[in-house]
Amino acid sequence: MSALSTVEPLTATPSDAERLFGADWASTLSVAHRWMTLGRVYDARMQALQRQGRIGFYGASTGQEAVNVATGLVSRPEDWIFPGLREQLVALVRGYSLTEYTHSIFADALDPAHGRQMPCHPTARGVHHISMSSVIGTQISQAVGLAYGLKLRHDPGVAWAFFGDGATSANDFHAGLNFAAVFGLPVLFGCANNQWAISVPVAHQTASESLAAKGAAYGIPGRQVDGTDFFAVYGALTEALAEIRAGKGPRLLEFLTYRMTPHTSSDDPTRYQPGDWAERGQRHDPYVRLTEWMRLHGLLTPDREAEEQARADTAVREAVAAAEAAPPPAPDTLTEDVYSPHSSAHRGATP
Amino acid sequence: MSELTIVQAINRALHEAMQHDPNVLVLGEDVGVNGGVFRATEGLFKEFGADRVIDTPLSETGIVGTAIGMALYGLKPVAEIQFLDFIYPAFDQIVSELAKMRYRSGGQYPCPVVIRTPYGGGIRGGLYHSQSTEAYFAHTAGLKVAIPSTPADAKGLLLTAIHDEDPVIFLEPKRIYRSVSGEVPDGDHRVPFGKARPVRAGDDVTLVAYGAMIPPTVEAAEMLEKEGIGAEVLDLRTLVPLDEEAVVRSVEKTGRAVLVHEAARCCGFGGELAAILAEKAFYSLKAPIARVTGYDTPFPYALEHAYLPNAETIAHAARGAVRGG
Ligand SMILES: Cc1ncc(C[n+]2csc(CCOP(=O)(O)OP(=O)(O)O)c2C)c(N)n1
Ligand SMILES: [Mg+2]
């Protein structure tokens, strides 16, 4: 990482940080930075393994780490996460094991879902992470149903529905926001607007002035936030969550980010992205922006950075080694979990 | 015991399930204040309140998506889709999400949603209030499909569905909602899934049907009896799980099978039954398997009587099987 700034500097002051994170602000930022380092290292490693043919597929979330890490930190254990495409890091910050997650990437026998899903589709019930679907948008109205349960039982907790900019055109975005507002439910709608839906730019997704503006039509306050500014994201989430937890109904946050990788390992963005896209993304790299701010304020020394990097490298190396040592799922798991084990339905057993 | 119609039996089952378990709730269009357009949810709103008898906005994907989220949290949602014909906005949620949630999560997220919906023709409902598309759902692993034909089964199968750990598509034969009435056991009467109902015994031909096709099938069997043909009638009750054994055993006895459904023929459930019989009862067959089904057309309005199987067309197919043409 170059010492010379190539990014838009973050404008927060240390007193802003103290206001946001409390007296422990320096350690909160260190924790956040450590998770962002892990996310960055993990994405790089997995993309390399995919190119080597060691895993079948990978979808990175590079560029969206500020949103994911802030979500992990602001959310509470009693909350529930309905992920869109790129919120895997949220589960890890909330306590999901990196090793178990990596077993799911390798789709091996130790993947709790028995390798049934493509990589990057984890299920982590222990941290209230709902099983990710590939189908764009469907999780949005599901989060609303879960929030209905929270409200009905007077339980604490918020359902977090994540989705991309592309998903705002899908049926369930409309249905979900509408239902949540009509029933006044505790839902945080988090739109990770990375400005692309594979090759389609957000300007082709909507003629609306922003995605946040769509909230108004449902009676939901919406707000657009710089999703690459960790302070801004954390602040917006804290405010929105306080309102939701106070029973004021759902909130919509649009996090403006830059997709810094191909859509997935199956994509070639040179076919559609403008030549200066990578540079624009780099200028808004959430990880470098936070790193530089922390260097400037004496929270990161070169030694500390090297140590953090080494720690992330080791964690990822160990998780990959464990996954590569695991056998593939047992053949008889193919027909399990189609129905309850107590069910007489035997369809899963055919042919 | 109480003498009830099918729709009353459904109402009774919902009522009792909601009384016994505070996690059971009902959601859909017009199910609350109005008691449902067919009155299946009549009285529930008054007794259980707006929080558990939920009038939703008009969005089937919203209804089923919301029901999925409720089930993930441990509630027992019974979603009503006003007509099966209008379920398609929710098809994605049903097929992509509901059916696959348990499997794709390695059993971590069971999703026991019940979706009730009236289906079938014969009510002058035209293209979009008449269809019988149970095969779409039977085709999708992870879903169970129940279709009652009597008031007792309507209550018993619905209570089983509500207690089931898996998602259930519960198809209600709206043509006979009120025309068929009968004794319904009081209390927690449950009819197990995967057990066909032997409606009538006979030695010469097996008539397999379900839902609203049961009355004309029974009528056909009565006509055949007068002609000296003994027709056995089986009511499948659930397509998934399927009581394969009952179908195969009956056809092994009679040697002849007539498969009846009002759904279109192509890829209808009769095709699956015929394949099972070809695989498992082939050497017992004395005649080609016959299907009596709807046409491979959209569902018509003015000509629905021509589209739907009736006692005469069913009896005709059975005579053909027995007498060879
Ligand atoms: C319903 C549906 N249609 C199409 C696809 C194929 N697809 C996968 S990701 C994607 C774009 C998603 O864009 P966005 O919602 O912005 O999320 P991002 O990938 O940018 O995170 C498409 C079209 C899909 N998975 N689901
Ligand atoms: Mg996008």
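For the structure itself, look to the data block above.
None of these values were measured; they are calculated from a predicted model.

## Focus: the overall build of chain B
If you tally the helices and strands in chain B, you get 12 helices and 14 strands. A compact globule built from 325 residues should have a C-alpha radius of gyration of about 20 Å, and chain B, at 19 Å, falls within 12% of that. Considered along the principal axes of its C-alpha atoms, chain B spans approximately 60 × 40 × 40 Å. Evaluated residue by residue, chain B yields a buried proportion of 65% over its 325 residues. Within the structure as shown, chain B displays about 11400 Å² of accessible surface, and the carbon and sulfur contribution to it stands at 55%.

## Brief notes about the packing of aromatic side chains
All names here are of chain A. Inspection of the entire model under this criterion finds 28 aromatic pairs over all chains. With 4.5 Å between their ring centres and 70° between their planes, Phe-21 and Tyr-234 make a pair best called edge-to-face. Remark: Tyr-234 occurs in helix H10 (residues 230-245) and Phe-21 occurs in helix H1 (residues 14-21); sequence separation between them is 213 residues. In this pair, the class of Phe-21 matches that of Tyr-234, namely buried. Taking 6.2 Å as the distance between ring centres and 25° as the angle between the ring planes, the aromatic pair formed by Trp-160 and Phe-162 counts as stacked. Looking at Trp-160, the relative accessible area reads 0%, which means it is buried.

## Here we look at the interface of chain B and chain A
Each partner contributes residues to the interface: chain B has 50 residues there, and chain A has 50 residues. A combined buried area of about 3900 Å² lies between chain B and chain A, and 57% of that area is made up of carbon and sulfur atoms. Along the contact surface separating chain B from chain A lie 0 salt bridges. At the surface where chain B touches chain A, the tally comes to 25 residue pairs in polar contact (both at pLDDT 80 or more). The dominant element in the side of chain B that touches chain A, judged by the number of residues it contributes, is helix H3 (residues 60-72) of chain B, at 9 residues. Across the side of chain B that touches chain A, the residue classes tally to 21 nonpolar, 18 polar and 11 charged.

## Describing the sheet that holds strand S7 (residues 168-173) of chain B
All names here are of chain B. The 7 strands are arranged S3-S2-S4-S5-S7-S6-S12 in an open sheet whose pairing can be described as mixed. Sheet topology places strand S3 (53-55) and strand S12 (238-240) at the edges, where each strand pairs with a single neighbour. Geometrically, the sheet is characterised by an average inter-axis angle of 20° between neighbouring strands, direction not taken into account. Sheet topology note: the strand S2 (residues 24-28)/S3 ladder contains 3 bridges and is parallel. Bridging across to S3, Gly-28 finds its partner in Asp-55.

## Thoughts on the site of ligand 1
All names here are of chain A. Every one of the 14 residues lining ligand 1 counts as a neighbour, but Arg-86, Ser-134, Asp-165, Gly-166 and Trp-196 are closest to it. A distance of 2.8 Å is found between an oxygen atom of ligand 1 and a side-chain nitrogen or oxygen belonging to Asp-165. Within the backbone of Ala-167, an N or O atom sits 3.1 Å from an oxygen atom of ligand 1. When the free accessible area of ligand 1 is taken as 580 Å², the share hidden by the protein chains comes to 69%.

## A look at the coordination of the magnesium ion (ligand 2)
Residue and element names in this part refer to chain A. On the protein side, the magnesium ion (ligand 2) has Asp-165 (OD), Asn-194 (OD1) and Trp-196 (O) as donor atoms, found 2.0 to 2.1 Å from it. All donor residues of the magnesium ion (ligand 2) come from one chain, and their arrangement in sequence is D-x28-N-x1-W. A residue pair is termed long-range when its members are at least 10 positions apart, and Asp-165 in the loop between strand S2 (159-164) and helix H7 (171-183) and Asn-194 in the loop between strand S3 (187-193) and strand S4 (196-197) qualify at 29 residues. Looking at Asp-165, the relative accessible area reads 1%, which means it is buried.

## Overview of H3(B)
All names here are of chain B. Between its first and last C-alpha, H3 extends 18 Å over 13 residues, near the 18 Å set by a 1.5 Å rise per residue. A large share of H3 lies buried, amounting to 13 of its 13 residues. Where H3 ends, the next residue or the one after it, Gly-74, has phi of about 100°, a positive value.

## Focus on the packing of helix H6 (residues 138-152) of chain A against H7(A)
All names here are of chain A. It is at 7 Å that the axes of H6 and H7 come closest, and there the two elements cross at 20°. Classified by the angle their axes make, H6 and H7 are roughly parallel. By crossing handedness, the relation of H6 to H7 is classed as left-handed. Residue-level inspection shows Thr-138, Ile-140, Ser-141, Val-144, Tyr-148 and Lys-151 of H6 in contact with H7, the latter providing Asp-172, Phe-173, Gly-176, Leu-177, Phe-179, Ala-180 and Phe-183. Grouping the amino acids of the contact of H6 with H7 by side-chain chemistry returns 8 nonpolar, 3 polar and 2 charged.

## A few points about the pattern of salt bridges
Residues and elements named next belong to chain B. Applying the stated criterion across every chain yields a total of 31 salt bridges over all chains. The partner of Glu-312 in a salt bridge is Arg-319, and the shortest N-O contact between them spans 3.1 Å. With relative accessibility at 41%, the residue Glu-312 sits in the partly exposed group.

Rules used in this analysis
- Residues numbered from 1 in each chain as written.
- Chains lettered and ligands numbered in written order.
- Predicted model: local features only at pLDDT ≥ 70, side-chain atom pairs only at ≥ 80, totals over all residues.
- Heavy atoms only, no water.
- Helix = DSSP H or I, 4+ residues; strand = E, 2+ residues; numbered from the N terminus.
- Rg over C-alpha atoms; globule rule 2.2 N^0.38 Å.
- Buried < 20%, exposed > 50% of the residue type's maximum accessible area, 1.4 Å probe, protein only.
- Areas by Shrake-Rupley, 256 points an atom, 1.4 Å probe, with all protein chains shown as cover.
- Phe/Tyr/Trp six-rings, centres within 6.5 Å; stacked < 30°, edge-to-face > 60°.
- Contact = heavy atoms within 4.5 Å.
- Buried area = accessible area lost by both parts, 1.4 Å probe.
- Salt bridge = Lys/Arg side-chain N within 4 Å of Asp/Glu carboxyl O.
- Polar contact = N/O pair within 3.5 Å; in protein donor to acceptor, adjacent residues only side chain to side chain.
- Nonpolar A, V, L, I, M, F, W, Y, C, P; charged D, E, K, R; others polar.
- Pairing = 2+ DSSP bridges.
- Axes fitted to C-alpha atoms, helices over the stretch in contact; angles between N-to-C directions.
- Near = heavy atom within 4 Å.
- Donors = N, O, S within 2.8 Å, 3.2 Å for Na, K, Ca; no water.
- Expected span 1.5 Å × (residues − 1).
- Parallel < 35°, antiparallel > 145°, perpendicular 65-115°, else oblique.
- Left-handed = near helix turned anticlockwise from the far one by under 90°.

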